[in-house]
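# Reading the structure
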Amino acid sequence: MTLTSSEAPNLIDGFDVIGDVHGHADKLAALLDQMGYTRNAGAWAHPRRQAVFVGDLIDNGPQQVATVDIVRKMEAAGSALVAMGNHEFNAIAWHRGWRERSKKNREQHKAFLDEVVDGSPLHDEVVAWFTRLPLWFDLGGLRVIHACWDQWSMSVLSPHLANNNSMSEDGLEAAAYKGTAEFDAVEILLKGPEVPLPSEFGYLDKKQHPRVHARYRWWRNGPTTYWHRAHLPSDALGLDEQPHRGFPDIDLPTPLPVPPYVGPPVVYGHYWQTGLLQLTSPITVCVDYSAGKGGPLAAYRWSGETTLTDLHLVAAE
Ligand SMILES: [Mn+2]
């Protein structure tokens, strides 16, 4: 089967959708090598396939500039497409002064700011590239987004979108401030929807902050109960500092944060998965296996199938 992408210069026979790199250029090079990409005139390329990055290239890891450099060269050479992640969005908001320069926000962005040097010409240039990244790709039989494919959120942003689904400066600014529809839409697309928890089921996150919302498993179909749909980090404690007793099998409040997903297969990242490489449903797959904190860098190698398969997931340490 031969597929064409509107962005790709040549006929290709598939897309390799790569998870959240988070500053681990060595893992990226290992994964590209394993998938049969080679370096041509400085840019990694595959003779018959195109890479697609789900975003979150930066923060966390030790090779921020090297990671951005590999990916930019691939994009310029036409061997990769690149979607925006929430870390690139935050980097834009930090650079513009729209994001509060709190200790917590600086800490989360420190690896990147230290390496590019906050306020340097390199910083300006890399962030300018981030602003041009599309928020999602609809590649015909395959869709790619950082966290959640949601039509409502996409239509909210449509007045701010260029042809390639990148956002205007005005749209980016509106989305940086809580209380706007643009903010809510970007939260869902780049960080995923959440559900409010009944107060007795709140939990402490890894920094011991109390949480009264949980991530919503938008990729699941079937029952809409807390037990089935709310996602709790492993080893989470309850607000009483005892091990969390889990969520009850009672219905979520309506309306639900996003409608059930219907459409062609979607590849996304963002969710810090661990363990076996596996699909999240027959038409959804998460390629974030926590490369940013000790896990492998994963990819889904799509070749036109309408039902996804675990066998097309690959990873490199
Ligand atoms: Mn993310």
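Below or above, wherever it landed, is the structure these notes cover. (Residues numbered from 1 in each chain as written. Predicted model: local features only at pLDDT ≥ 70, side-chain atom pairs only at ≥ 80, totals over all residues. Heavy atoms only, no water.)

### A closer look at the packing of aromatic side chains
Applying the stated criterion across every chain, the model contains 11 aromatic pairs. Centroid distance Phe-15 to Trp-302: 6.2 Å. Interplanar angle 15 degrees. Geometry classified as stacked. Placement of the pair is Phe-15 in strand S1 (residues 15–18) and Trp-302 in strand S16 (residues 297–302), with a sequence separation of 287 residues. For the residue pair Phe-15 and Trp-302, the accessibility class agrees, reading buried in each case. Within the aromatic cluster, the residues linked to one another by ring pairs are Trp-218, Trp-219, Tyr-261, Tyr-268 and Tyr-271. Sitting above the plane of the Trp-272 ring, Lys-293 keeps its charged end 4.2 Å from the centroid. (Phe/Tyr/Trp six-rings, centres within 6.5 Å; stacked < 30°, edge-to-face > 60°. Helix = DSSP H or I, 4+ residues; strand = E, 2+ residues; numbered from the N terminus. Buried < 20%, exposed > 50% of the residue type's maximum accessible area, 1.4 Å probe, protein only. Lys NZ or Arg CZ within 6 Å of the ring centre and 35° of its normal.)

### Topic: the side chain of Ser-79
Take Ser-79: it is sitting in the loop between helix H2 (64–77) and strand S5 (80–82). Setting aside its immediate chain neighbours within four residues, Ser-79 contacts Tyr-37, Trp-44, Ala-45, Gln-50, Ala-51 and Met-74. (Contact = heavy atoms within 4.5 Å.)

### A short note on the environment of Tyr-289
Mapped onto the secondary structure, Tyr-289 falls in the loop between strand S15 (284–286) and S16. Note on Tyr-289: relative accessible area 3%, which makes it buried. Placed 33 residues apart in sequence, Tyr-289 and Leu-256 show a C-alpha to C-alpha distance of 27 Å. Within the structure, Tyr-289 has its side chain in polar contact with the backbone nitrogen of Gln-278 (distance 3.0 Å). (Polar contact = N/O pair within 3.5 Å; in protein donor to acceptor, adjacent residues only side chain to side chain.)

### With respect to the pattern of salt bridges
One pass over the full model with this rule turns up 10 salt bridges. Arg-49 is the salt-bridge partner of Asp-16, the closest N and O atoms lying 2.9 Å from each other. Taken together, the residues span a long stretch of sequence, with Asp-16 in strand S1 and Arg-49 in the loop between strand S3 (43–45) and strand S4 (50–53) at a distance of 33 residues. Take Asp-16: its relative accessible area is 0%, and that puts it in the buried class. One salt bridge in this structure joins Arg-72 and Glu-125, with 2.9 Å as the shortest N-O distance. Taken as a pair, Arg-72 in helix H2 and Glu-125 in helix H5 (residues 121–131) lie far apart in primary sequence, 53 residues in all. Relative accessible area serves as the criterion here: at 23%, Arg-72 is assigned to the partly exposed category. Note on Glu-125: relative accessible area 41%, which makes it partly exposed. (Salt bridge = Lys/Arg side-chain N within 4 Å of Asp/Glu carboxyl O.)

### Things to note about the nonpolar core
One finds Ile-18, Leu-28, Leu-32, Phe-53, Met-74, Phe-130 and Trp-218 to be the most contacted residues of the largest nonpolar core, which totals 75 residues. In contact with Phe-130, not counting residues within four places along its chain, are Ile-58, Val-68, Met-84, Glu-88, Ala-91, Ile-92 and Phe-112. With 18 residues, the next largest nonpolar core counts Ile-12, Leu-142, Val-285 and Leu-308 among its residues. (Core = buried A, V, L, I, M, F, W, Y, C linked by side-chain atoms within 4.5 Å.)

### So, the sheet that holds strand S13 (residues 237–238)
Here we have 3 strands laid out as an open sheet, ordered S10-S9-S13, and antiparallel in their pairing. Across the chains shown, the open sheet's two edge strands, defined by having one partner strand only, are strand S10 (210–211) and S13. (Pairing = 2+ DSSP bridges.)

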